[in-house]
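Breakdown of the fold
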Amino acid sequence: MSAPTTHRSAEEIGRTERGPRPLPELGEQRAAADLSSVDVELSNGLRVIAVRRSSVPLVEVRLRIPFADPADSSTGSAHAARAEVLANTILTGTATRSRVDVDTELALVGGELDAVVDPERLAFSGNSLVSGLDTVLDVLRDVLTGATYPAEEVERERARLVERIRLARSQPNVIAREALQRHLYGDHPFAKEMPEAEEVAEVGREDVLALHARAVLPRGSVLVVVGDVEPDAAVRAVDAALGSWTGEGTAVSLRPLPPVQGGDVLFVPRAGAVQSQIRLAGRGVVRTDPRYPALQIANLVFGGFFSSRLVENIREDKGYTYSARSHPEFTPGGATLLVDADTASEVTAAALLETRYELGRLALVPPTESEVDTARRYAIGSLLTATSSQGGLASFLVNLAGLGLGIEWFTGHPDRLAAVTVEQVAEVALEFFAPSAFTGVLVGDADLLAPQLRSLGGVTLP
């Protein structure tokens, strides 16, 4: 005797005697509701952006300190290695708190705090119950003004970093990313996203203390608070906690990058690889450029989401890859369009050919009104979804602030996207998506790929 049926399957629900049920119409995409906010600069030079979003009784805190290498070249510079050790040990002790004390105090207010670093900035990310905001800010003040970098903590984190870096450098995605950055920017400090393990092994506690005193500065930095708290009250709390954070000079911002020039793809040999990594790059525009909304939609049509032309071609139609995408990367004063695809070795040349074909097709065959409308809905919807949480909004705003923008750009962007025409998308596609505007790297096995790539052309082989 079979068990009685208590539910219907998804297929049963989706079908009727007359066929599949039609999808409901999409609802209205609503821009962010009026967000009360304050954007001020404290007397110590720290910019504070506070936004009230009361969806849950929490508060999110983001601090961005420009932390670029002041050297003209990354060659021979120890900045990246010292910055990595600093970011991994800054929360491990102060004159009044041990690592355990820091973790315990944050845990008691339902909070956490973390620090990471990259070639542009040192970033802190934290959150807590609203009632714990003062505690999070006080811990932040303590590490900014009095981190002691205990010797045993520096030694332990340094050893872990050395192992992590050695492991990461064996990963194909890391190999491809580093090769692309060197190809685009040479020895510019921006290209050095990860220090050498040997450089990290040489970093001592005194090196980290000196870097902290020199580079962890409030002037030029920005702190974002988003949560169930009045903006004015949040600013007063930040001023009370971090007003004593001072230092000589201004935090070091990344110097401008050289413009990306189109050209041949550089082949990077990886003997024995069964997969290849295709990484292409072309010139983009900053978010404030009048062409940016149209370029954002053009990028989505090309490869920016799952229904894009590139994904339809090399993933859905030909099965060359599981993942293919294009996306902008913003840097202070500039932007780059990136195209990524990982493929099996036997179809790498064909995937590169099809990628170039789709670039040329977007440049020469204007997208349809339907394609533009679909991409526009995706752009607006994904922006609203990504910023619907307090944490998502805080992270988005601190990244905008790093580009010199504020909450006005965020609240006004859906309208800018809604106003883009098909003709504007076609115009920027012709300007930015021509295959000749791109260069890049291709990582793979030379014995397998060289004959095909030589025949294809446009690839610099060893």
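Within any chain, residue numbers begin from 1 and follow the written order of that chain's sequence. Only residues with pLDDT of at least 70 get local features here, since the model is predicted, and only at 80 or more are side-chain atom pairs given and counted; chain-wide, interface and lining totals rely on the full set of residues. Side-chain measures were taken over the full set of non-hydrogen atoms in the model, leaving aside hydrogen atoms and water.

By the naming in an unreviewed UniProt entry, the protein goes by Putative Zn-dependent peptidase and is assigned to Saccharothrix variisporea.

Here we come to the environment of Glu 354. By definition, any uninterrupted DSSP run of H or I lasting at least four residues is a helix, any uninterrupted run of E lasting at least two residues is a strand, and each is numbered from the N terminus. The topology assignment puts Glu 354 in helix α12 (residues 348-364). Overall, the relative accessible area of 15% leaves Glu 354 in the buried class. Separated by 34 residues in the primary sequence, Glu 354 and Tyr 320 place their C-alpha atoms 9.9 Å from one another. Leave out the neighbours within four places in its chain, and Glu 354 touches Asn 313, Ile 314, Lys 318 and Tyr 320. Under the scheme applied here, a residue whose accessible area is under 20% of the maximum for its type counts as buried, over 50% as exposed, and between as partly exposed, the area being computed with a 1.4 Å probe on protein chains only. Any pair of residues with heavy atoms lying within 4.5 Å of one another is described as a contacting pair.

What follows is about the packing of helix α14 (residues 390-402) against helix α15 (residues 407-418). Each pair of packed helices can be summarised by the angle the axes make with each other and by the distance between the axes. Axis geometry follows a simple rule: fit a line to the C-alpha atoms, using only the stretch in contact for helices, then measure angles between N-to-C directions, giving values from 0 to 180 degrees. Where α14 contacts α15, the two axes come as close as 9 Å, and the packing angle between them is 110 degrees. Viewed along their axes, α14 and α15 adopt a mutual orientation that is roughly perpendicular. Contact residues: α14 offers Leu 393, Phe 396, Leu 397 and Leu 400, while α15 offers Ile 407, Trp 409 and Phe 410. Each residue gets one label: Ala, Val, Leu, Ile, Met, Phe, Trp, Tyr, Cys and Pro are nonpolar, Asp, Glu, Lys and Arg are charged, and the others, such as Gly, are polar. Its residues assigned to classes, the contact of α14 with α15 comprises seven nonpolar, no polar and no charged. Put simply, angles under 35 degrees are roughly parallel, angles over 145 are roughly antiparallel, angles from 65 to 115 are roughly perpendicular, and the rest are oblique.

Looking now at the pattern of salt bridges. Salt bridges are defined by distance alone: a side-chain nitrogen of Lys or Arg within 4 Å of a carboxyl oxygen of Asp or Glu. With the rule as written, the count across this model stands at 35 salt bridges. With its nearest N and O atoms 2.7 Å apart, the salt bridge here joins Asp 39 to Arg 47. Judged by relative accessible area, which is 41%, Asp 39 ranks as partly exposed. Here Asp 373 makes a salt bridge to Arg 377, at a shortest N to O gap of 3.7 Å. Here Asp 373 pairs with Arg 377, and both are found in helix α13 (residues 369-386), just four residues apart, close to one helical turn.

In an α-helix, one full turn covers 3.6 residues, which means residues spaced three or four apart are oriented alike. An expected span of 1.5 Å times one less than the residue number is assigned to each helix. Between its first and last C-alpha, α13 extends 25 Å over 18 residues, near the 26 Å set by a 1.5 Å rise per residue. Restricting attention to buried positions, one finds in α13 the residues Val 372, Ala 375, Arg 376, Ala 379, Ile 380, Gly 381, Leu 383 and Leu 384. Contact partners of the buried residues in α13: α10 (292-304), α14, α15 and α16 (422-432).

Let us now look at the domain arrangement of the protein. Domain borders in the structure are assigned automatically or taken from a domain database. Per the domain assignment, the segments making up the protein are domain 1 (37-243) and domain 2 (265-460). Distance from the C-alpha centre of domain 1 to the C-alpha centre of domain 2: 30 Å. Contact residues are listed per partner, giving 31 residues for domain 1 and 32 residues for domain 2. Put simply, buried area is how much 1.4 Å-probe accessible surface two parts lose in total, over both of them, once they are put together. A combined buried area of about 2,500 Å² lies between domain 1 and domain 2, and 62% of that area is made up of carbon and sulfur atoms. By the criterion of area lost to domain 2, the three top residues of domain 1 are Arg 53, Arg 62 and His 183, representing 21% of everything that side buries. One can count one salt bridge joining domain 1 with domain 2. Note that Arg 177 and Glu 329 form a salt bridge whose closest N and O atoms lie 2.8 Å from each other. Here a polar contact is taken to be a pair of N or O atoms separated by no more than 3.5 Å, where protein atoms must pair a possible hydrogen donor with a possible acceptor and residues adjacent in sequence count only if both atoms sit in side chains. Taken together, the connections running from domain 1 to domain 2 amount to 12 residue pairs in polar contact (both at pLDDT 80 or more). Elements supplying a minimum of two residues to the side of domain 1 that touches domain 2: β4 (47-52), β5 (58-66), α6 (172-185) and β8 (222-227). Residues that form the side of domain 1 that touches domain 2 fall into these classes: 16 nonpolar, seven polar and eight charged.

A few words now on the packing of aromatic side chains. Here the aromatic set is Phe, Tyr and Trp, taking the six-membered ring for Trp, and pairing holds for ring centres within 6.5 Å; pairs whose planes are under 30 degrees apart are stacked, those over 60 apart are edge-to-face, and all others are tilted. Within the structure shown, the criterion is met by eight aromatic pairs. Between Tyr 185 and Phe 190 the ring centres are 5.6 Å apart and the planes differ by 75 degrees, which places this aromatic pair in the edge-to-face class. Residues Tyr 185 and Phe 190 agree in their burial class; the two are buried. Members of the aromatic cluster, joined through ring pairs, are Tyr 292, Phe 330, Phe 396, Trp 409 and Phe 410.

Burial within strand β13 (residues 438-444) is extensive, with seven of its seven residues counted as buried. Where strand β9 (residues 265-269) meets β13, five bridges bridge the pair, whose relative direction is parallel. By the bridge assignment, Pro 269 is partnered in β13 with Gly 444. A pair of strands is labelled paired if DSSP reports no fewer than 2 bridges between them. Both strand β10 (residues 275-283) and β13 contribute to a ladder of six bridges, which runs antiparallel. Pairing of Arg 279 across the sheet is with Val 441, part of β13.

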